[in-house]
Amino acid sequence: MSKSWQSTLRLPKSSFPNRPRLHERKQYILRCTDDFYEWQAANRPADNEFLLHDGPPYANGELHAGHALNKILKDMINRVKVQQGRRVKYVPGWDCHGLPIEMKVVEAAEGGKKMSPGGIRKAARKLASSTVKAQMNSFKSYAVMADWENRWTTMDTEFEIRQLRLFQKMARRGLIYRKHKPVYWSPSSATALAEAELEYNEAHVSKSAWVRLPIVSGWQEVISGLEGVDKDAKLYAVIWTTTPWTLPANQAIAVRDDMIYSIVRFADYEGLHLVSIPEGSAGGDLPEISEVLGKVQGSELTRLRYLNPLLDDLTALEGRPIIHAPFVRGDSGTGMVHCAPGHGFDDYLACEALGIPAVSHVDNEGRFTDKAYPRNPDLLGGIPVLEGGSDAVLDLLGNENGYILKVKYYKHKYPYDWRTKKPIIIRATAQWFADVGSIKEQALAALEEVRFVPETGKNRLEAFVKGRSEWCISRQRSWGVPIPALYDANGNAVVTDESIDHIISVIRERKIDAWWFDDAHDPAWLPESLRDRAAEFRRGQDTMDVWFDSGSSWTQTDKQADVYLEGSDQHRGWFQSSLLTRVAAMVAQDAPGGSSTTNTLGLSPFKTLITHGFTLDKDGKKMSKSLGNIISANEVMDGSLLFEPPQPGQPQGRKNREPEALGPDALRLWIATSDYTGDIILGKPVLRTVHQVLLKYRTIIKMFTGSMQSDARTAPLTVADHIALIQLKDVMQEVGKYYDNYEFNKAQAALSRWVVNDVSAFYLETLKDRLYCGDSGGVLEPIFNGLLRMLAPVTPVLVEEAWEYRPQWMKDDASLVHPLKQLYDAPLIEPVRLSYDEKTIRESIPAIMAAHGAIKAASERARLDKVLGSSLGCSVVLVSHAEGGLAVLERFKDELDAMFVVSAVDIVQSNGGETPKEVEGAEWKYSEAFEVGGKTHTAYVLPPKQHKCPRCWRYVAPVEDALCGRCGEVVEARAGEAAKEV
């Protein structure tokens, strides 16, 4: 019976767990987040700060995977910057005002809509405060480091005061004004909206109508060239509208001067009709045309007047104007556009220039007022315009002498309130606006200095800035920052430097809720100049758009942020509002060329703008409550997303009885391995892959922690060690470059390839014999540190856990620096230990790897034929078919057997293509060609030449059951060491 040599081997011994231990997670998260943030704030240089300004999440409801995507991307960037030697400043914030929170507290309260503004504000503040704390705890569980204690919210007094100061500065520069004009209005929210608060429903269906409106009599004398036309006939202008409910607000008809219009008869309708018929068209959706009687230039039609049957006396001669408008088109509709300046932006601009008023007979909840149909207010009053309003108007017109020619359902793109998911209207009301048109060029110029990731983000943000001239900043809500306006008895607003200064001073003293709680005519809110007229003035009740709230968050610091990072929807939201408010505040209106008032800060609030996509389910569908496919971050971390309960009849075991907790690293690795610049998928298939990668990292870390020996620090380095160090250097440079460019998925791909191909498949295979049976040398410690540095931004909890389970001799070494605290580019090994020139090794690697690959291929065929088990059970002959063709390998001949994990390697020269004598007569042989230096050579895998060593299993022993020379020396040396210890 042969002797057991196992006790003389140094087999890996590690207590590093195969799976994360739930009870240890909390301490690891604390160390790599709060403790680490505090450490870097104290130890990284203050003059090399990196500022990532937080785009505030909304303090309403639970977090989902999209929130995790956002916060973890920010955290990975911050950790990369700490590795680069910078001090990170990251103070998280929350957006706390606005409609969703107000609606939630109103719906939850007894009495609902009867709540007072003060009651709403008190309940909303309580809800927002509790939500901030809950969301913060969730973010912490994702291993996100931040200055949590100094977090900010838009409902903080100091934040609100800075916001009011920004409003004051913009008002001082003439950029804030109040005007009665059409705005986006949400009946479901009862407030004005900015364009950034809209989303578009591509499948909205409207009831469109072709309506004829009578031309005032006398048209025959106005239009020339109508010989043969019945001049006693009635003439109608035919309009087409997709919003018949706006007809009670009709004030004009628009035509285009250069268009040609036709006077036609319809087969089924009396009278004559004015329409534009495109060339080669038979009238499209118009009623059947029986006769075309003449042509009229659009400019002639502007001399006519018409009547609105809903509003006008049909015997009147004055009527309403027909006007020229450049937006009129001839390829759709009738070429005659019904203008309701109180319900349309183009209509408003065209009519305003002519002094035509913007009339809207619709209330805050989207219902007709009694003025919509003065003859009989009960017929329209109180009807929701979007729910029955068009039908009611069409019924009236149909009953009034048949003014409706045709009605048709029309599917088209229509704006919706993005919070309530219900359609909006355009409605003229008195609102506050910010003039962004006058600073547009400076804002666009500021973007030229910004780095965009991805680059397409620049086009998106520029498009939104270019397409905007004014910003409606007022909202008819209670939960928000008030517009600091005072109104006299006539409704005239007072917004002056003096009045705003005074209002801010009162807010500092009484807090902002007093604006709503105090008596409406409390003189304390009036500046000295208005005190003698206190009874005339009241405080306004409008609040600021929440985009103005969060968009002013840049005022918290006196420097540009290095990075802003949010979802791609924020090009029209926070990115834009931040840019516009900063430019508005920093650009002097009278500065030559619109130059900045400062030369140090820059106009844009951000130097780099990064956008990410949205999270999709496994089928590529956007996550939404209505589809029931929302995935929370907790489902990833607790393993429930991967959990598959046992089927009926299936035996129950631990694995299918309860989910396996994966922890925050699984969540973070999912994000790091995804291309976040587009939408990213989360589901079981993706998470399974992520889980396998994590298990691979844990397996190799367990190998390292169980195999690293202090002796290796003084052991000589082999060629394989040098190759491993070069591969480590290369992958760290590649990963570091990707990290610096925020390309985390590319970094993870490079890291994974290195772990699989270079570390596992090559270096660890070559090293096992030396680790277990030899001098325990190698470069595992530098590779371990390098691996943890590359993992640190993405899986900090795993890094913390790996460091906790490092060998005791490493724990005893006070000079070692925690991997999270190491500089990424700091040396991993002392240069004095290197025994080969890097250039020499680099030049040799292609030849070594080519031969290695050929030997592997030939060995695999031998295994398939069952003549070979372990690769140590063979010897190798490398045959050069060119003079000196394998000289590069000859240089390292004594180490090739270890590198190729075989028992012997010979290099021979072929003579004229003959089979070398070293190969002839072998019991079996397998060959594979490989190329070095442009020449083809052959690797032969043959039976071993000596006997198997019972300790190391290499076939290098002189006789059966005898130790090889190396093992004999090692056993003897270790026996001597043991004797000395005794």
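For the structure itself, look to the data block above.
Conventions adopted
Residues numbered from 1 in each chain as written. Predicted model: local features only at pLDDT ≥ 70, side-chain atom pairs only at ≥ 80, totals over all residues. Heavy atoms only, no water. Helix = DSSP H or I, 4+ residues; strand = E, 2+ residues; numbered from the N terminus. Rg over C-alpha atoms; globule rule 2.2 N^0.38 Å. Buried < 20%, exposed > 50% of the residue type's maximum accessible area, 1.4 Å probe, protein only. Contact = heavy atoms within 4.5 Å. Areas by Shrake-Rupley, 256 points an atom, 1.4 Å probe, with all protein chains shown as cover. Lys, Arg positive; Asp, Glu negative; His and termini not counted. Charge placed at Lys NZ, Arg CZ, Asp CG, Glu CD. Disulfide = S-S within 2.5 Å. Pairing = 2+ DSSP bridges. Axes fitted to C-alpha atoms, helices over the stretch in contact; angles between N-to-C directions. Salt bridge = Lys/Arg side-chain N within 4 Å of Asp/Glu carboxyl O. Arc of directions from axis to C-beta.

J.: I'd love a proper account of the overall build of the chain, names of residues and values included.
T.: In terms of regular secondary structure, the chain is built from 28 helices and 32 strands. For the chain, whose C-alpha radius of gyration is 39 Å, the value lies well above the compact-globule estimate of 30 Å for 982 residues. With respect to the three principal axes, the spread of C-alpha positions in the chain is 125 × 70 × 70 Å. When the 982 residues of the chain are sorted by exposure, 54% land in the buried category. If you take every contact in the chain between residues at least 6 apart in sequence, the share linking residues at least 24 apart comes to 76%. With the model as given, the accessible surface of the chain reaches about 42,600 Å², and the carbon-plus-sulfur share is 49%. Across the chain, the mean location of the 118 positive side-chain charges is 4 Å away from that of the 129 negative side-chain charges.

J.: How would you summarise the state of the cysteines if you had to cite specific residues and measurements?
T.: A complete count under the given rule lists zero disulfides for this structure. You can see Cys 964 has no disulfide; the closest cysteine sulfur is in Cys 967, sitting 3.5 Å from it.

J.: Mind laying out the sheet that holds strand β17 (residues 425-435), listing which residues take part and the relevant values?
T.: Taking strand neighbours across the sheet as the criterion, the four strands line up as β6-β5-β17-β19 in an open arrangement whose pairing is antiparallel. Every other strand in the sheet has two partners, leaving β6 (191-193) and β19 (470-472) as the edge strands with one partner each. Along the sheet, successive strands turn relative to each other by an average axial angle of 60°, direction set aside. The pairing of strand β5 (residues 176-186) with β17 spans ten bridges and is antiparallel. By the bridge assignment, Tyr 177 is partnered in β17 with Phe 433.

J.: I'd like a description of the pattern of salt bridges, backed by residues and values.
T.: Pairing between side chains of opposite charge can happen when the charged atoms of each approach one another. Enumeration over the complete set of coordinates arrives at 55 salt bridges. We note a salt bridge from Glu 765 to Lys 768, for which the minimum N-O separation is 3.2 Å. Linking Glu 765 with Lys 768, this pair stays in helix α21 (residues 744-773), spanning three residues, or about one helical turn. Put simply, Lys 839 and Glu 843 hold a salt bridge, and the shortest N to O gap is 2.6 Å. Here Lys 839 and its partner Glu 843 are both found in helix α25 (residues 838-864), four residues apart, which amounts to about one turn of the helix.

J.: I'd love a proper account of the sheet that holds strand β30 (residues 904-909), names of residues and values included.
T.: Spatially, four strands are ordered β30-β29-β32-β31 in an open sheet, and the strand pairing comes out mixed. With partners counted over all chains shown, the strands left at the sheet margins are β30 and β31 (926-932), one partner each. Between one strand and the next, the sheet's axes are offset by a mean angle of 25°, whatever the strand orientation. Pairing geometry for β31 and strand β32 (residues 935-942), over seven bridges, is antiparallel. Bridge assignment links Ala 929 to a residue of β32, and that residue is Thr 938. Relative to β30, helix α27 (residues 893-900) is tilted by about 125°, and along the sheet it contacts β29 (875-880) and β30.

J.: Go over helix α11 (residues 456-466) with me, naming the residues and quoting the values.
T.: Among the residues of α11, Gly 457, Leu 461, Glu 462 and Val 465 are the ones counted as buried. Angularly, the buried residues of α11 cover 125° about the axis, an arc narrow enough to put them on a single face. Across from the buried face of α11, at angles greater than 90 degrees, the exposed residues are Thr 456 and Asn 459. Buried residues belonging to α11 abut α10 (440-447), β18 (451-453), α15 (574-586) and β26 (606-612).

Geometric descriptors of this kind do not, in isolation, establish any biological role.
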